[in-house]
Amino acid sequence: MPYQLVPVDNPTAPLLMVSARLRSQLVYFMTPPDEPHVPPLQPNDFWIDAAHSAQWLTDGVFELVSPLDGEQRTVIELSEEQEALLEWLTTHHIQHIHVQEVP
């Protein structure tokens, strides 16, 4: 099932269509909701810090922390779809997104 990302903090930016796979991977990129600069979020909303988006896009990789061992980090190369997401976020200055299912 496809999804669309709605830019909450830049309503003039275009929507971005994403796969179910990328939808499930948004948690890799989201800023923890308890960070002081993250506003209260609604269900299906994500905050992805602009500085992190730009860094991941520049590096072409991101780090994933093992859920079993917080000390273990794995560097993962961005997929084409992940790269497209980060380009969309940085190009349109988006940090706050809402995920909607596309029927």
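Residues numbered from 1 in each chain as written. Predicted model: local features only at pLDDT ≥ 70, side-chain atom pairs only at ≥ 80, totals over all residues. Heavy atoms only, no water.

Novice: Looking at this model, I keep getting lost on the packing of helix α1 (residues 20-29) against helix α3 (residues 80-91). Mind explaining?
Specialist: Direction vectors running N to C along α1 and α3 enclose 60°, while the axes themselves pass 11 Å from each other. For the element pair α1 / α3, the angle class is oblique. Both α1 and α3 take part in a crossing whose hand is right-handed. For the pair α1 and α3, the contacting residues are L22, Q25, L26 and F29 in the first and E81, Q82, L85 and L86 in the second. For the contact of α1 with α3, a count of residues per class yields five nonpolar, two polar and one charged. (Axes fitted to C-alpha atoms, helices over the stretch in contact; angles between N-to-C directions. Helix = DSSP H or I, 4+ residues; strand = E, 2+ residues; numbered from the N terminus. Parallel < 35°, antiparallel > 145°, perpendicular 65-115°, else oblique. Left-handed = near helix turned anticlockwise from the far one by under 90°. Contact = heavy atoms within 4.5 Å. Nonpolar A, V, L, I, M, F, W, Y, C, P; charged D, E, K, R; others polar.)

Novice: I tried to follow the packing of aromatic side chains on my own but got confused; where do I start?
Specialist: Per the counting criterion, the structure on display carries three aromatic pairs. The interplanar angle of 25° and the centroid separation of 5.9 Å between the aromatic rings of Y28 and F62 together place this pair among those described as stacked. Of this pair, Y28 sits in helix α1 while F62 is found in strand β4 (residues 61-65), placing the two residues 34 residues apart along the sequence. Of the residues examined, F62 reaches a relative accessible area of 2% and is grouped as buried. Seen in terms of ring centroids, F29 and F62 are 4.8 Å apart; in terms of plane orientation they differ by 50°. Their pairing is tilted. Within this pair, whereas F29 is found in helix α1, its partner F62 is found in strand β4, the two being separated by 33 residues in sequence. Note on accessibility: F29 and F62 belong to one class, buried. (Phe/Tyr/Trp six-rings, centres within 6.5 Å; stacked < 30°, edge-to-face > 60°. Buried < 20%, exposed > 50% of the residue type's maximum accessible area, 1.4 Å probe, protein only.)

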